[in-house]
Amino acid sequence: MKTFEFIRPADRAAAIATASQSKTAQQGANVRFIAGGTTLMDLMKLNVEAPARVLDINRLPLDKIEATGDGGLKIGATVRNSDLANHEKVLRDYPVLSQAILNGASAQLRNMATTAGNLLQRTRCMYFRDTAMPCNKREPGSGCPAITGANRMLAILGTSEHCIASNPSDMCVAMAALEATIHVQGPKGSRAVPIGEFHLLPGNTPARETVLEPGDLITHVTLPTPVAGSKHVYLKLRDRASYEFALASAAVVITVAGQNVTRARIALGGVGTKPWRSPEAEAALVGQPANGANFRKAAEAALRNAKPQSENAFKIELAKRCLTHALQMAVTS
Ligand SMILES: Cc1cc2nc3c(=O)[nH]c(=O)nc-3n(C[C@H](O)[C@H](O)[C@H](O)COP(=O)(O)OP(=O)(O)OC[C@H]3O[C@@H](n4cnc5c(N)ncnc54)[C@H](O)[C@@H]3O)c2cc1C
Ligand code: SF4
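These lines cover the structure that appears in this document, whether it is placed above or below. Please read these numbers as outputs of a predicted model, since none were measured by experiment. (Residues numbered from 1 in each chain as written. Chains lettered and ligands numbered in written order. Predicted model: local features only at pLDDT ≥ 70, side-chain atom pairs only at ≥ 80, totals over all residues. Heavy atoms only, no water.)

## A look at the overall build of the protein chain
Item 1. Helix and strand counts for the protein chain stand at 12 helices and 12 strands.
Item 2. Since a compact globule built from 333 residues should have a radius of gyration of about 20 Å, the 19 Å found for the protein chain is in line with a globular shape.
Item 3. Projected onto the principal axes, the alpha-carbon positions of the protein chain cover approximately 60 × 50 × 35 Å.
Item 4. Counting only residues that meet the buried cut, the protein chain has 53% of its 333 residues in that class.
Item 5. As presented, the protein chain carries roughly 14,100 Å² of accessible surface, and 52% of it is formed by carbon and sulfur atoms.
Item 6. For the protein chain, the distance from the average site of its 38 positive side-chain charges to the average site of its 27 negative ones is 2 Å. (Helix = DSSP H or I, 4+ residues; strand = E, 2+ residues; numbered from the N terminus. Rg over C-alpha atoms; globule rule 2.2 N^0.38 Å. Buried < 20%, exposed > 50% of the residue type's maximum accessible area, 1.4 Å probe, protein only. Areas by Shrake-Rupley, 256 points an atom, 1.4 Å probe, with all protein chains shown as cover. Lys, Arg positive; Asp, Glu negative; His and termini not counted. Charge placed at Lys NZ, Arg CZ, Asp CG, Glu CD.)

The following block contains the structure:
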């Protein structure tokens, strides 16, 4: 690991002013915030990230979970994943979020990992994490060995000819289904970004993963008012039962009145280059009887544009079954 300066900014303004001196907030940033450190320190040890300055934001007052005036929830950027998953309002009103977080990593990691850090965790693509290999995300223009190489874990939705890396987060998939909003404060002021617009598709610029600019500090995330009577399920399929990233996962928030689905919010994990909301599956469900045949149709719609790689075609059927089963679990819960 290269040497770096470790700074504890006195307040939010100082943190933003120092971070704004970075040339980028994306790959290659020379100033980085650090929260739990469970992503950043790993990548620094691998020389994938080499910031000259690391700004510890743990003393900033961003660690509260609070009800909002409209009945929603405000989650501070440095709230630990374990505190969020076990918060009584999350367990009661947003159980899909609790389930998703508890399906990720390990208890020790969740005790350190934060809300903002989880939003910004990087892909587990092995070439990205190995500086001896080319990788367009790490070194633009160097190539993507995953396309002809080890791609079993990688994405089948939202890929480009330049990058097929999957987004590894569980929490973000639930937040996509809950229509969370990410609140950012930067040198030019504050702004609110819907989660669907926060992460970017790789396209021609896979090194650019989010809309963040130099100096941008995630301050908190808000969740809208919970939908009365909605059923929540997060189902994660993986190679082993714990401490493993998703091959496919599904976050389902669904409301059924009588026999019919009246509202559905669906997101998929493990298969997309970003947390993958599926308006196609939602449209296929709303107004239809809540039964297995229609759940399967929704899953077919969600995966219609899937583009498999040499080793991961199995993910198409796996993701369809994952979503179908998650919907079944939701309506029978
Ligand atoms: C072995 C292992 C297994 C794991 N398994 C899973 C899993 O199954 N599912 C899953 O979802 N995750 C998994 N994770 C990932 C884990 O959830 C993330 O590492 C964690 O959420 C990152 O949070 P952090 O606070 O530690 O981030 P940090 O490492 O502190 O930061 C990560 C990034 O976010 C930036 N950052 C942090 N806070 C802010 C802020 N407020 N504003 C702007 N930028 C900020 C940092 O600069 C850095 O670039 C695993 C991690 C490990 C090491
Ligand atoms: S899939 Fe993306 S992260 Fe992986 S090697 Fe290709 S460019 Fe790099």
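Following the structure, the description resumes.
## Brief notes about the nonpolar core
Item 1. If you look at the biggest cluster of nonpolar residues, it comprises 44 residues, and the most contacted ones within it are Ile 75, Leu 84, Leu 97, Leu 119, Met 175 and Ile 218.
Item 2. Here the element with the most residues in this core is helix H8 (residues 171-177); it accounts for 7 residues.
Item 3. With near-sequence residues (within four places) excluded, Ile 218 lies in contact with Leu 62, Ala 77, Ala 116, Leu 119, Leu 120, Ile 182, His 183, Val 184, Phe 198 and Leu 212.
Item 4. Of all hydrophobic cores here, the second largest spans 29 residues; its members include Ile 266, Ala 281, Phe 295 and Leu 303. (Core = buried A, V, L, I, M, F, W, Y, C linked by side-chain atoms within 4.5 Å. Contact = heavy atoms within 4.5 Å.)

## Considerations on the pairing of strand E11 (residues 260-269)
Two faces belong to every sheet, and in a regular strand the side chains alternate between them.
Item 1. Burial of E11 is extensive: 7 of the 10 residues sit out of reach of the surface.
Item 2. Linkage of strand E10 (residues 248-257) to E11, two consecutive antiparallel strands, is achieved through a turn of 2 residues, within which Gly 258 is found at a positive phi near 65°. (Pairing = 2+ DSSP bridges.)

## With respect to the site of ligand 1
Item 1. Looking at ligand 1, there are 33 residues lining it, with Phe 33, Thr 38, Leu 40, Thr 114 and Asp 170 nearest.
Item 2. For ligand 1, an oxygen atom lies 2.7 Å from a polar atom in the backbone of Leu 40.
Item 3. Between ligand 1 and Ala 105 there is a distance of 2.9 Å, counted from an oxygen atom to a backbone nitrogen or oxygen.
Item 4. With the chains in place, 94% of the 980 Å² that ligand 1 exposes on its own is no longer accessible.
Item 5. Put simply, the parts of the chain that give the shell around ligand 1 at least two residues each are strand E2 (31-34), helix H2 (40-45), helix H7 (115-119) and strand E8 (217-223).
Item 6. The class makeup of the residues in the shell around ligand 1 is 16 nonpolar, 11 polar and 6 charged. (Near = heavy atom within 4 Å. Polar contact = N/O pair within 3.5 Å; in protein donor to acceptor, adjacent residues only side chain to side chain. Nonpolar A, V, L, I, M, F, W, Y, C, P; charged D, E, K, R; others polar.)

## With respect to the environment of His 199
Item 1. Mapping His 199 onto the fold places it in the loop between helix H9 (195-198) and E8.
Item 2. Along the backbone, His 199 and Pro 275 are 76 residues apart, and their C-alpha atoms lie at a distance of 7.8 Å.
Item 3. Not counting residues within four places of it along the chain, the set of residues in contact with His 199 comprises Leu 119, Asn 167, Cys 172, Glu 209, Thr 210, Lys 274 and Pro 275.
Item 4. From its side chain, His 199 meets the backbone oxygen of Leu 119 in a polar contact 2.9 Å long.

## Side note on the packing of helix H11 (residues 292-302) against helix H12 (residues 314-332)
Item 1. Interaxial distance between H11 and H12 falls to 9 Å at its minimum, and their mutual angle equals 140°. In terms of their interaxial angle, H11 and H12 are classed as oblique. The chirality of how H11 crosses H12 is right-handed. Contacts between H11 and H12 involve Gly 292, Phe 295, Arg 296, Ala 298, Ala 299, Glu 300 and Ala 302 from the former and Glu 317, Lys 320, Arg 321, Leu 323, Thr 324, Leu 327, Gln 328 and Val 331 from the latter.
Item 2. Class assignment of the residues belonging to the contact of H11 with H12 gives a composition of 7 nonpolar, 3 polar and 5 charged. (Axes fitted to C-alpha atoms, helices over the stretch in contact; angles between N-to-C directions. Parallel < 35°, antiparallel > 145°, perpendicular 65-115°, else oblique. Left-handed = near helix turned anticlockwise from the far one by under 90°.)

## Details of the sheet that holds strand E12 (residues 276-277)
Item 1. Pairing in this open sheet of 4 strands is antiparallel, and the strands run E9-E10-E11-E12 from one edge to the other. Edge positions in the sheet fall to strand E9 (231-237) and E12, since each has one partner strand and no second.
Item 2. Where E9 and E10 come together, 7 bridges link them in antiparallel fashion. Bridging from a neighbouring strand, Lys 231 pairs with Ile 254 of E10.

## Some details on the site of ligand 2
Item 1. The environment of ligand 2 is formed by 13 residues, the closest being Cys 125, Cys 135, Cys 144, Cys 163 and Ile 164.
Item 2. A per-class count over the shell around ligand 2 returns 10 nonpolar, 2 polar and 1 charged.

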